[in-house]
Amino acid sequence: QVQLEESGGVLVQPGGSLKLSCATSGFTFSTHSVRWYRQAPGKEREYVALINSDGVTNYEASVKGRFTISRDDAKSMAYLQMTQLRPEDTAVYYCNAFIRGMNYWGKGTLVTVSS
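Every chain is numbered independently, its residues counted from 1 as its sequence is written. The predicted origin of the model limits local features to residues at a pLDDT of at least 70 and limits the giving and counting of side-chain atom pairs to 80 or more, whereas totals for whole chains, interfaces and linings rest on all residues. Think of the side-chain values as coming from all heavy atoms in the structure, minus any hydrogens and water.

(A) Expanded view of the overall build of the protein. A run of H or I in DSSP counts as a helix once it spans at least four residues, and a run of E counts as a strand once it spans at least two, with each numbered from the N terminus. Secondary structure assignment for the protein yields zero helices and eleven strands. Overall, the protein shows an N-to-C arrangement of helices and strands of β-β-β-β-β-β-β-β-β-β-β. Taken over C-alpha atoms, the radius of gyration comes to 13 Å for the protein, in line with the 13 Å a tight globule of 115 residues would show. Seen through its principal axes, the protein has C-alpha atoms that stretch 40 × 25 × 20 Å. Radius of gyration: C-alpha atoms only; globule rule: 2.2 Å multiplied by the number of residues to the exponent 0.38.

(B) The packing of aromatic side chains, seen in detail. Pairing of aromatic side chains here covers Phe, Tyr and the six-membered ring of Trp, requires ring centres within 6.5 Å, and sorts the geometry by plane angle: under 30 degrees stacked, over 60 edge-to-face, intermediate tilted. Inspection of every chain in the model, using the stated rule, returns four aromatic pairs. Each ring, one from Y37 and one from W105, has its centre 4.9 Å from the other, and the planes form 65 degrees; the classification is edge-to-face. In this pair, Y37 is assigned in strand 4 (residues 34-39) and W105 in strand 10 (residues 102-105), connecting sequence segments 68 residues apart. Centroid distance Y94 to W105: 6.4 Å. Interplanar angle 90 degrees. Geometry classified as edge-to-face. Of this pair, Y94 sits in strand 9 (residues 91-99) while W105 is found in strand 10, placing the two residues eleven residues apart along the sequence. A relative accessible area of 11% means that Y94 is categorised as buried. Using a relative accessible area of 33% as the deciding quantity, one classes W105 as partly exposed. Counting every residue linked through ring pairs, the aromatic cluster contains Y37, Y47, Y94 and W105. Counted as over-ring charges are cases with an Arg CZ or a Lys NZ within 6 Å of the ring centre that also lie within 35 degrees of the ring normal. The aromatic ring of Y79 is capped on one face by K19, whose charged end is 4.6 Å from the ring centroid. Directly above the aromatic system of Y94 lies the positively charged group of R45, at a separation of 3.7 Å from the ring centroid. Exposed residues in this analysis have more than 50% of their type's maximum accessible area, buried residues have under 20%, and partly exposed residues fall in between, with area computed by a 1.4 Å probe over protein chains only.

(C) Summary view of the nonpolar core. Core analysis: the largest hydrophobic core is formed by 29 residues, its most contacted members being L20, W36, V48, F67, L80, M82 and Y93. With five residues, the top contributor of residues to this core is strand 9. The nonpolar core is taken to be a set of buried Ala, Val, Leu, Ile, Met, Phe, Trp, Tyr and Cys residues, with the residues joined through side-chain atoms within 4.5 Å.

(D) Geometry of the sheet that holds strand 3 (residues 18-25). Here, strands pair whenever DSSP counts at least two bridges between them. Spatially, 1-3-8-7 is the arrangement adopted by the four strands of the open sheet, whose pairing is antiparallel. The open sheet has two free edges, formed respectively by strand 1 (3-7) and strand 7 (67-72), since each of these has just one partner strand. Pairwise comparison of adjacent strand axes, ignoring direction, gives a mean angle of 15 degrees for this sheet. Fitted lines through C-alpha atoms serve as axes, helices being fitted only where they are in contact, and the angles separating the N-to-C directions of these axes extend from 0 to 180 degrees.

(E) How the structure looks around the environment of G108. Within the fold, G108 resides in the loop between strand 10 and strand 11 (109-113). On the accessibility criterion, G108 (24% relative accessible area) is partly exposed. For the pair G108 and C22, spaced 86 residues apart in sequence, the C-alpha separation works out to 9.3 Å. Ignoring any residue separated from it by four or fewer positions in sequence, one finds G108 in contact with E6, V92, Y93 and Y94. Residues count as neighbours in contact if any of their non-hydrogen atoms are within 4.5 Å of one another.

(F) How the structure looks around the pattern of salt bridges. Whenever Lys or Arg places a side-chain nitrogen within 4 Å of a carboxyl oxygen from Asp or Glu, that contact is recorded as a salt bridge. Per the stated rule, a full pass over the model turns up four salt bridges. Ionic pairing is found between R71 and D73, a salt bridge with its closest N-O pair at 2.8 Å. Salt bridges here are not isolated pairs; linked through shared partners, they connect R38, E46, R66 and D89.

Distances and angles like these do not, on their own, reveal function.
So, in structure tokens, the structure goes:
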């Protein structure tokens, strides 16, 4: 059974940093890409970042240079290091994997950027 579980979301001040984690199980993590998405209040879910099985990364334009996606294949974990946080980064953050033709999502973790 494929499972993804995000953690690490909290209230943080503008300009602050935060690291989100995505714990996975039920599939061969090392051979799959992992993506982070986010959904702000009243908005559609949007792509944030991707890391493939070779460690190659890609970022949505507004987070490039501020966010870093990484993975630990030994632990089947993915991470999203976020710096220089802005109020507009406030959202529920989800990790995602596409496995055997299906999209799998975690339940999300809430990040609130506010003073």
